[in-house]
Structure formats: structure tokens, C-alpha cells
Amino acid sequence: MENAKSVKLVLEDGTEIQGTSFGAFTSAAGEVVFSTAMTGYPENLTDPSFAGQILVLTYPMVGNYGVPGEDLYESISKIFESDQIHIAGLVVNYYSEEHSHWNAAKSLGDWLKEYNIPGIFGVDTRMLTKKLREKGAMLGKIVAEQDIPFHDPNLENLVAQVSQSGVQRYGSGKNKIVLVDCGTKTNIIRCFLERDVELIRVPWDYDFNTLDYDGLFLSNGPGDPKMCEATIAHLQTALQQDKPIFGICLGNQLMSLAAGGDTFKLKYGHRSHNQPVLLTGTKRSFITSQNHGFAVDTATLPEEWTMLFENLNDGTCEGIKHKTKPFFSTQFHPEAAGGPEDTEYLFDDFLTAVAEHKAQRV
Ligand SMILES: NC(=O)CC[C@H](N)C(=O)O
């Protein structure tokens, strides 16, 4: 690239890796995490769950299909997972400024510049990933001209930063679903709107118990789930009733915390499009899209709850369900975007539970 400037990636264990700048030429600090997904950077970078994180992509060539334009669908983005880039920085091996795709509107580097997010390329991302797997996720920083201190995003309430303020309504279907926005991915909204739903999107700390609804949904979101005290308190009230509840990723962790279980930080998280999970009590497995650094401690689940899915790589909890009430959640992403769509049927299962519950009420 012309006028290439050098930058470095510094980890809290003292590791320094020299590379070349792309995107914004600026310094940024955060938690360094890796994803082994082979595609999907437009979706990953705009997923609010990545807020505060410096993302390392292990796929060796990044940028070659560019970045799509901003088409809207029902006032939300048709393609992106939110209306901005949320990662703190991007680390890749080979960056391709040249790109070719029918839908590309700009290069990845130009897109990062628009949001003042730095990228670094020329990094041996597989070596870096091995280090993160051995030592665990670490704090790190991309240093351009100005050195900056390390910063741990998990000490902040990131959900409060990414949750949309105000109540927003989408669709006019027959089932009224409240979506608690802890940093929701737009594909969750799209999945609901394809299924005859009226969606009421409320901020993370909104008391949804004051609303009239048929089903409750808890979204994905960034950071430590224990920061969401207000959501957990409101959810505890909803768990006393029996209207269907469904949660994804952070939503799964909040469900466990509200039920009385515990969560913990994984050594280096699960971020990829090929995480195998087993549906408990069956021999059925699914390949899933995942992006999380925390997990539910299965041993702490109260008596009325049980593990719904288990991760076949490390045995961790990938979902929970209530034994008698229509409450369930997954740690993985049934809405995919990016990744396999094999578990999207869980939206149908939730809406079937909603319809059954409504039928019982009349
Ligand atoms: N994608 C998500 O919702 C992530 C949940 C949580 N922030 C975690 O990292 O575990």
C-alpha cells in the first residue's frame, strides 16, 4: 500500500508485534480476542457484542470482498448488525485493499477510517492466537504515534453504552414480542419480522413488566453479564409468571443469573462459525455461530432449570431451559449473521410457545 505507516500491537504480557497500519492511523486499547470465522467481517465488526474488543481474525486474507453499502429494511440495516462499527481495533495477517464483490461499496480500510478505528496487518495471527489460547484473552493496544494505557472494557457497563435509548416498534404481526436491547444484532430483529411479529424494542434497563406482551426476548450484548443489574432484576419478575421467554448469548447469561445461577469468564472465549453443540438428551448436534467470552456455570443452575445445549469442544453450557415453564435460551447465535443458519428454527419454537400460551389464556 502507498504511504504505509508502521504501528504495533502490544499485549499486557509484554509481547510487541510490529505491523502496518490500515484504517484509521490512531491508537486504541481493549481486550484482545480472536475469531476463527472465515468470512463475515461486515457482520462481526458491527456486532455490538464486540464493543471494547480488539479483534484478531485468523483467516489469512481479509478485505478482499470489501464492505457493502447501507441498504435499509424496516428502518434497520439490511446487512450490518448495527449502525456502526463496534470493535476497538482490528488485527489481520494480509489486508487486501483491493476488493471485488457485486455488493461492495468501499474498502475495509476506508470503512474503518470512517469510524476512526485502527487496523494493523502483517501480523502472524496464528502465532498470536496460540498465545491467546495458552495465556487466555489479554488486554492489548494498537499503538500508532501516541502510546496509551491498557484498558479493561469488562470493568465498564458496555451494555448501557450500546443499548438504544427509547422504545421502538417494528412490524405489525399477530404476536407482540418485547425485545430487550442489550446491544441487539439486527438479524435478530429481521428473524422476528419474518415471523408475523410486532416487535417492541426497549432499552436494557426498561421495566418491560409494565408492558402488555405475548413473549419476551433478551438480546446478545457486550461485556460481563453481571453489569446488567437492572435487566436481571426486571427479568426476575418476569420469571415469576409464565409468558414465554427466549434469550440469545448475553440473554442466556442474564436468564441464568436471574434464575439464581452463576456465570464465569472463559479462558479465551468461543468466536467462530463452526462451534459444535449437542442438544441435551439426544444425539443431535448442530454447528453454530458463536461470539462470547463468558459462560453459564452449569453446576450452579437451580433445580427447576436444565442444560439445553452443551458445547462439544469443551463441555461448557450452550443453553438452558426451565423444566416446566416456556423459558429457554442459547449461548450460541441461532440468528447467525454470519455463520450457519441451522438453529434458526429456535425462533419458530419460541413463537410456537407464544401461540400455545396465548391459546391457553383465551
Ligand atoms: N454475543 C454476546 O452476547 C456476548 C455475551 C457476553 N458479552 C460474552 O462475551 O460472553
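What you are looking at is a predicted structure, and each value in this text was computed from that prediction instead of being measured.

Definitions and limits used
Residues numbered from 1 in each chain as written. Predicted model: local features only at pLDDT ≥ 70, side-chain atom pairs only at ≥ 80, totals over all residues. Heavy atoms only, no water. Domains from an automatic or database assignment. Salt bridge = Lys/Arg side-chain N within 4 Å of Asp/Glu carboxyl O. Polar contact = N/O pair within 3.5 Å; in protein donor to acceptor, adjacent residues only side chain to side chain. Helix = DSSP H or I, 4+ residues; strand = E, 2+ residues; numbered from the N terminus. Nonpolar A, V, L, I, M, F, W, Y, C, P; charged D, E, K, R; others polar. Patch = residues over 30% accessible without salt bridge, like charges linked within 9 Å, V, L, I, M, F, W, Y side chains within 5 Å. Areas by Shrake-Rupley, 256 points an atom, 1.4 Å probe, with all protein chains shown as cover. Buried < 20%, exposed > 50% of the residue type's maximum accessible area, 1.4 Å probe, protein only. Contact = heavy atoms within 4.5 Å. Pairing = 2+ DSSP bridges. Axes fitted to C-alpha atoms, helices over the stretch in contact; angles between N-to-C directions. Parallel < 35°, antiparallel > 145°, perpendicular 65-115°, else oblique. Left-handed = near helix turned anticlockwise from the far one by under 90°.

### Brief notes about the domain arrangement of the protein chain
Thought 1: We note that the domain assignment places domain 1 (6-154) and domain 2 (158-361) within the protein chain.
Thought 2: If you average the C-alpha positions of domain 1 and of domain 2, the two centres end up 26 Å apart.
Thought 3: Put simply, domain 1 and domain 2 have 2 salt bridges between them.
Thought 4: As a salt-bridge pair, Glu 81 and Arg 190 come within 3.3 Å of each other at their nearest N and O atoms.
Thought 5: Put simply, domain 1 and domain 2 have 16 residue pairs in polar contact (both at pLDDT 80 or more) between them.
Thought 6: Mapped onto the side of domain 1 that touches domain 2, the elements with two or more residues apiece are strand E3 (28-35), strand E8 (76-77) and helix H3 (125-135).
Thought 7: Broken down by class, the residue content of the side of domain 1 that touches domain 2 amounts to 13 nonpolar, 11 polar and 9 charged.

### Description of unusual backbone geometry
Thought 1: Looking along the chain, the bond that leaves Ala 337 and enters Gly 338 is cis, with omega of 0°.
Thought 2: Residues other than glycine seldom take positive phi values, yet Asn 116 does so here, at roughly 60°.
Thought 3: Here Asn 116 is to be found in the loop between helix H2 (108-114) and strand E12 (118-121).
Thought 4: Phi at Ala 336 takes a positive value of approximately 55°, unusual for a residue other than glycine.
Thought 5: Considering the arrangement of structural elements, one finds Ala 336 in the loop between strand E23 (327-330) and helix H8 (345-361).

### Considering a nonpolar patch on the surface
Thought 1: Together, Met 38, Tyr 59, Met 61 and Tyr 94 make up an exposed nonpolar region whose accessible area comes to about 420 Å².
Thought 2: Secondary-structure assignment places Met 61 in strand E5 (residues 61-62).
Thought 3: Overall, the relative accessible area of 36% leaves Met 61 in the partly exposed class.

### Concerning the side chain of Thr 330
Thought 1: Relative to the helices and strands, Thr 330 is located in strand E23.
Thought 2: Exposure remark for Thr 330: the relative accessible area of 0% places this residue in the buried category.
Thought 3: There is a polar contact of 3.0 Å between the side chain of Thr 330 and the backbone oxygen of Phe 332.
Thought 4: Setting aside residues up to four positions removed in sequence, Thr 330 forms contacts with Gly 247, Ile 248, Cys 249, Asn 252, Phe 309, Glu 318, Gly 319 and Leu 346.

### A short note on the sheet that holds strand E22 (residues 317-322)
Thought 1: Taken in spatial order, the 10 strands line up as E14-E16-E15-E17-E18-E23-E22-E21-E19-E20 in an open sheet, and their pairing is mixed. Of all strands in the sheet, those bounded by a partner on one side alone are strand E14 (168-170) and strand E20 (285-297). Taken pair by pair, the neighbouring strands of this sheet meet at an average axis angle of 20°, ignoring direction.
Thought 2: Bridge count between strand E17 (residues 215-218) and strand E18 (residues 245-248): 3 bridges; the pairing is parallel. Among the inter-strand pairings, Leu 218 is bridged to a residue of E18, identified as Gly 247.
Thought 3: Sitting on the sheet, helix H5 (residues 186-193) is in contact with E14, strand E15 (175-181), strand E16 (197-203), E17 and E18, with an inclination near 155° to E16.
Thought 4: Those strands touched by helix H6 (residues 229-240) are E15, E17, E18, strand E21 (305-311) and E23, and its axis lies near 150° from that of E17.

### Focus: the pattern of salt bridges
Thought 1: The final tally for this structure, using the stated rule, is 18 salt bridges.
Thought 2: One salt bridge in this structure joins Glu 194 and Arg 195, with 4.0 Å as the shortest N-O distance.
Thought 3: Among the salt bridges present, the one from Glu 344 reaches Arg 195, with a minimum N-O distance of 3.0 Å. Placement of Glu 344 in the loop between E23 and H8 and of Arg 195 in the loop between H5 and E16 is noted, with a sequence separation of 149 residues between them. Just as Glu 344 is buried, Arg 195 falls in that class too.

### Notes on the packing of H6 against helix H7 (residues 250-259)
Thought 1: For the pair H6 and H7, interaxial distance at closest approach is 9 Å and the crossing angle is 70°. Taken as axis vectors, H6 and H7 run roughly perpendicular relative to one another. Once H6 is placed against H7, the crossing between them reads as right-handed. The segment H6 lies against H7, with Thr 231, Ile 232, Leu 235, Gln 236 and Leu 239 engaging Leu 254, Met 255, Leu 257, Ala 258 and Ala 259.

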